[in-house]
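So the chains spell out like this:
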Amino acid sequence: DPLFGPSASPRAAMPSNGMFQLMSGIVGATADATGRMEKFTDLVRSLVDQHDVQQLKDLVDCMLAEESSFALFARPVLQQIAEQMEKLKNEDLKELALHTLERLRGRVVSFEEEDFVIRDLLSEVFQAEGDWAEAAKVLAAINLETGTRCRTPLQKAEKYVKIAELYLEDRDPVAADTFCSRAAMVMHEVNDTPLQLRYRVCHARVLDSKRKFLDAASKYCDLSQQTFGGQICEADLLQLLKCAVTCAILAPAGPQRSRILASLCKDERIRAVEHFEILQKMFMERLIRGSEVQKFEDGLLPHQKATGPDGSTVLERAVLQHNVLAASRVYKNMRLPQLGDLLEVPPERAEKIAAKMIAENRLAGFIDQKSGVIHFEGGDENLQAWDRHIRNVCTHVNSVLSKIKDQSAMKDG
């Protein structure tokens, strides 16, 4: 290598201040700026090829030192380092990237593109290590809105969605929601279908993670029924359908959930989805026993097993509310102790659950606390509709018979 001589490596040839001397030598030996830059580029490539992280860190320090005599070359040299950095092993890349970002602190405005590239690479290293929080934080520090370089809506959306996905992996739905909301502000300007899909799935996962299961179930259900022109494989669509089923089961009982359950049960793939039996019972408004949901509960994610102020899990509350609705379809009224036995909970808790559902217009009825009886309203709507249908059919049959008799009488006459 002409920079270091035929037999010496840069580390062996240089003392502790060797990098400064080497760079001074390049500047002194080369007259024009173009020639100097070519030498600096060769130096960066040589150090990267040798995986000499310490010398690369020294090079960064020389370029970014206060009142550096090499300030003219700082930006192009750092650009070369950022571009060549991905050739390093993960550990070396991480060490060099963290060192460079520390030196750039407070001066990012002058090195925005280099900061962008280095943070992108460092985030990939953290992802490989499974450190989702650090991977997200590194990307979140990129200035996409007010920097000197104008980012396209596609660039902004891609980064915001990626950050939200990383925070979701770290089980931080609040931070994920923040960046998902930022992505939402530019998604209308993005025509990239895969990115649109990633955003929509991310939004559904945020709702799921924040335990807004009704909204999440609706989003998952919509996504599972679209193919985006064949760009989504069947396995992914089935996974989205499974997520929709899980969230629908966990959602609070009521008219909105009933509509989602109906939509899911109409899907021809639904029988292939795990926990179809529970979903079908909920759709058919049949009672579900505690022993039937144990297998379903074992497969839930940590946030889906969260307990409320009353000590019950999301699943327990969802099943209890469903069973109250199921009871309202069978009984016109019942004593609260009987309702408690049916729900497998104390009468006081059964009353509290039913009262809350009535107050939120998710259950038609009223509670007579004096007599300790709950009265259900509208539970016989289906029977009444059936009776009306039978009555109409009988009326039409009678009408036909009357006309036949009239015609027979006319012929006989």
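Within an unreviewed UniProt entry, the label attached to the protein reads COP9 signalosome complex subunit 4, and the organism entered is Effrenium voratum. The UniProt entry for the protein carries the following text under Sequence similarities (unreviewed entry): "Belongs to the CSN4 family."

Caption draft 1: A look at helix 7 (residues 112-128). Taking 1.5 Å as the rise per residue, helix 7 with 17 residues should run 24 Å; its terminal C-alpha atoms sit 25 Å apart, in good agreement. Those residues of helix 7 that are buried lie in contact with helix 5 (71-84), helix 6 (90-104), helix 8 (132-140) and helix 9 (153-169). Residue G130 follows helix 7 closely and has a positive phi angle near 80°.

Caption draft 2: Seen up close, empty space enclosed by the protein. What the rule picks out here adds up to one cavity of 30 Å³ or more. One number sums up the size of the largest cavity: a volume of about 40 Å³. Among the residues making up the lining of the largest cavity, the classes are represented as three nonpolar, one polar and three charged.

Caption draft 3: Representation of the pattern of salt bridges within the structure. Inspection of the entire model under this criterion finds 21 salt bridges. A salt bridge links R119 to D115; the shortest N-O distance between them is 3.1 Å. Note that R119 and D115 are positioned in helix 7 at a spacing of four residues, about one turn of the helix. Across the pair, exposure class does not vary: R119 and D115 are buried alike. Several salt bridges share partner residues, and in doing so they unite D120, E158, K159, E165 and R198 into one network.

Caption draft 4: How the structure looks around the nonpolar core. By size, the foremost hydrophobic cluster in this structure holds 64 residues, and its most contacted members are F40, L59, M63, V77, I81 and M85. Examining the composition of this core, we find that eight residues originate from one element, helix 9, more than from any other. Not counting chain neighbours up to four residues away, the residues in contact with I81 comprise V44, L59, V60 and L96. In terms of nonpolar packing, the next biggest core, distinct from the first, is built from 38 residues, L197, A248, L250 and I278 among them.

Caption draft 5: Representation of the packing of helix 12 (residues 213-224) against helix 14 (residues 255-266). Interaxial distance between helix 12 and helix 14 falls to 10 Å at its minimum, and their mutual angle equals 25°. Taken together, the axes of helix 12 and helix 14 lie roughly parallel to each other. Where helix 12 crosses over helix 14, the handedness of that crossing is left-handed. Within the contact between the two elements, helix 12 uses L214, A217, S218 and C221 and helix 14 uses Q256, R257, I260, S263 and L264. Looking at the contact of helix 12 with helix 14 residue by residue, the classes come out as five nonpolar, three polar and one charged.

Analysis parameters
Residues numbered from 1 in each chain as written. Predicted model: local features only at pLDDT ≥ 70, side-chain atom pairs only at ≥ 80, totals over all residues. Heavy atoms only, no water. UniProt positions renumbered as here; feature names shortened; annotations may be inferred. Helix = DSSP H or I, 4+ residues; strand = E, 2+ residues; numbered from the N terminus. Expected span 1.5 Å × (residues − 1). Contact = heavy atoms within 4.5 Å. 1 Å grid on protein atoms, 1.4 Å probe; cavity = no way out; pocket = protein on both sides within 12 Å on 5 of 7 lines; lining within 4 Å. Points joined across faces, edges and corners; volume = space filled by probe spheres on them. Nonpolar A, V, L, I, M, F, W, Y, C, P; charged D, E, K, R; others polar. Salt bridge = Lys/Arg side-chain N within 4 Å of Asp/Glu carboxyl O. Buried < 20%, exposed > 50% of the residue type's maximum accessible area, 1.4 Å probe, protein only. Core = buried A, V, L, I, M, F, W, Y, C linked by side-chain atoms within 4.5 Å. Axes fitted to C-alpha atoms, helices over the stretch in contact; angles between N-to-C directions. Parallel < 35°, antiparallel > 145°, perpendicular 65-115°, else oblique. Left-handed = near helix turned anticlockwise from the far one by under 90°.

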